[in-house]
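An overview of the molecular structure
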Amino acid sequence: MMRLKVRRSGPDGKSVTYVTYDIDAAPGMTVLDALFEVQESQDDSLGFRYSCRGAICGSCAMTINREIRLACRTQLAGLAQAKPMNLRGFGALEARVEWERASEVLVEPLPNLPVQKDLMVDLTKFFEAYRRIRPWMDAREDGRGFSKMSPDDCARVEKYANCILCAACFGSCPVCDKDPEYLGPAALAWSYRFIGDPRVKDLKDRLGLASGREGAPDCEFVYNCVKACPKAVAPASAIRALRDLMEGRGSRLKGQDL
Ligand code: SF4
Ligand code: FES
């Protein structure tokens, strides 16, 4: 038996309550499975997002035991003893309600984004930042299409392209909590994915946005984004590379690693 303690709220995130649900935790059951169990057998009004159930689509990021995780990749068994992420706390991530870690799993929505209902947040702001950094590349002006990349060029930027846009980094970031203008870790990781690509031709515009007040200079290198990312993207590494470029250190084609 496992007890879920779920933060529930009505439309527009209002009327907040914490509701407990006891479920039979089958071996291998994930938090997402448990939410389905609640929805199917106890309360079909419970709202949450998912799609792939396989840590690919990025839809199910939420706060689980006060850490940011993908619900479909987090098994109930052993969660109480799981190695802590050691996220640095900030307002939205800190205690809202008491819970018994040994016997309960606390499930809350992703911080730093408006709650729509229960565990569903409005991702508009997150995707607006992603669109602003122009996550695409235009074909070369000579009309011959894309040029090739060397293996070294690929290695420098490919980990940033592993991002599944789950917003776990955005939800775990204390700067996103306090600065509504900040582009956030994922958008900046994608920004460097293109700035660090030798085929990009509009480098000046891209660097202009990334080095603006809402860009890399706003990062405080707390590294919550690195700890929370389920795909080992390490956005802070890209932000460090952007900062080095802005401050005249290194070449844009020289990667940085934490
Ligand atoms: S960088 Fe990691 S945590 Fe952030 S959106 Fe991409 S996959 Fe999710
Ligand atoms: S349901 Fe797709 S990442 Fe969890």
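A quick note: this is a predicted structure, and the numbers were derived from the prediction, not measured.

What follows is about the domain arrangement of the chain. With domains assigned, the chain is organised as domain 1 (2-121) and domain 2 (124-246). The gap between the C-alpha centroids of domain 1 and domain 2 is 28 Å. Each partner contributes residues to the interface: domain 1 has 19 residues there, and domain 2 has 20 residues. The junction of domain 1 with domain 2 conceals about 1,500 Å² of combined surface from both sides, 59% of it contributed by carbon and sulfur atoms. Summed over the shared surface of domain 1 and domain 2, the result is zero salt bridges. In this structure, the connection of domain 1 to domain 2 is made through seven residue pairs in polar contact (both at pLDDT 80 or more). Looking at side-chain class alone, the side of domain 1 that touches domain 2 contains 13 nonpolar, four polar and two charged residues.

Okay, the packing of aromatic side chains next. For any pair of aromatic rings, geometry is given as the distance between the ring centres together with the angle between the planes. Considering all chains together, one arrives at ten aromatic pairs under this definition. Measuring from ring centre to ring centre gives 5.1 Å for Phe126 and Phe127, while their planes differ by 80°; the resulting arrangement is edge-to-face. Taking the relative accessible area as the measure of exposure, Phe126 reaches 3% and is therefore buried. Aromatic pair Tyr130 and Trp190: ring centres 5.7 Å apart, planes at 70°, arrangement edge-to-face. Separated by 60 residues along the polypeptide, Tyr130 in helix α2 (residues 124-132) and Trp190 in helix α6 (residues 185-195) bring together distant segments of the chain. With relative accessibility at 17%, the residue Tyr130 sits in the buried group. Of the residues examined, Trp190 reaches a relative accessible area of 9% and is grouped as buried. Here the aromatic residues Phe126, Phe127, Tyr130, Phe170, Trp190 and Phe194 are joined through ring pairs into a cluster of three or more.

A word on the layout of surface pockets. Considered as a void within the structure, the largest pocket measures approximately 190 Å³ in volume. If you trace the largest pocket, you find 16 residues lining it, with Asn65, Arg66, Glu67, Pro84 and Arg101 closest to the centre. Residues belonging to the lining of the largest pocket are distributed by class as follows: seven nonpolar, three polar and six charged.

This part covers the environment of Cys163. Topologically, Cys163 is positioned in the loop between α3 (151-157) and α4 (168-172). Residue Cys163 is classed as buried on the basis of its relative accessible area of 16%. Sequence spacing of Cys163 and Val121 is 42 residues, and the spatial spacing of their C-alpha atoms is 19 Å. If near-sequence neighbours (up to four positions away) are discounted, Cys163 is found in contact with Ala186, Trp190 and Val233.

Spatially, the five strands line up as an open sheet ordered β2-β1-β5-β3-β4, and their pairing is mixed. Where the open sheet ends on each side, the last strands, each with one partner, are β2 (17-23) and β4 (67-70). Strand after strand, the sheet turns through a mean of 35° between neighbouring axes, direction not considered. The sheet contact formed by strand β1 (residues 2-8) and strand β5 (residues 104-108) spans four bridges and is parallel. Opposite Val6, over in β5, you have Val107 as the bridge partner.

Within the structure, ligand 1 sits among 13 residues, and Cys163, Cys166, Ala167, Cys169 and Cys229 are positioned closest to it. Here the shell around ligand 1 is composed, by residue class, of 13 nonpolar, no polar and no charged.

The next thing to look at is α2. Burial in α2 covers these residues: Phe126, Ala129 and Tyr130. The arc that holds every buried residue of α2, seen down its axis, measures 100°, which confines them to one face. Contacts made by the buried residues of α2 are with α4 and α6. Once α2 finishes, Arg134 follows within two positions and takes phi at roughly 60°, a positive value.

As a further point, take the nonpolar core. In this structure, Leu4, Leu35 and Leu76 are the most contacted members of the largest nonpolar core, which totals 80 residues. The leading source of residues in this core is α6, at eight residues. For this core, the domains that each give at least three residues are domain 1 (2-121) and domain 2 (124-246). If near-sequence neighbours (up to four positions away) are discounted, Leu76 is found in contact with Met2, Leu4, Ile23, Ala25, Met29, Thr30, Val31, Ala34 and Val105.

What counts and what doesn't
Residues numbered from 1 in each chain as written. Chains lettered and ligands numbered in written order. Predicted model: local features only at pLDDT ≥ 70, side-chain atom pairs only at ≥ 80, totals over all residues. Heavy atoms only, no water. Domains from an automatic or database assignment. Contact = heavy atoms within 4.5 Å. Buried area = accessible area lost by both parts, 1.4 Å probe. Salt bridge = Lys/Arg side-chain N within 4 Å of Asp/Glu carboxyl O. Polar contact = N/O pair within 3.5 Å; in protein donor to acceptor, adjacent residues only side chain to side chain. Nonpolar A, V, L, I, M, F, W, Y, C, P; charged D, E, K, R; others polar. Phe/Tyr/Trp six-rings, centres within 6.5 Å; stacked < 30°, edge-to-face > 60°. Buried < 20%, exposed > 50% of the residue type's maximum accessible area, 1.4 Å probe, protein only. Helix = DSSP H or I, 4+ residues; strand = E, 2+ residues; numbered from the N terminus. 1 Å grid on protein atoms, 1.4 Å probe; cavity = no way out; pocket = protein on both sides within 12 Å on 5 of 7 lines; lining within 4 Å. Points joined across faces, edges and corners; volume = space filled by probe spheres on them. Pairing = 2+ DSSP bridges. Axes fitted to C-alpha atoms, helices over the stretch in contact; angles between N-to-C directions. Near = heavy atom within 4 Å. Arc of directions from axis to C-beta. Core = buried A, V, L, I, M, F, W, Y, C linked by side-chain atoms within 4.5 Å.

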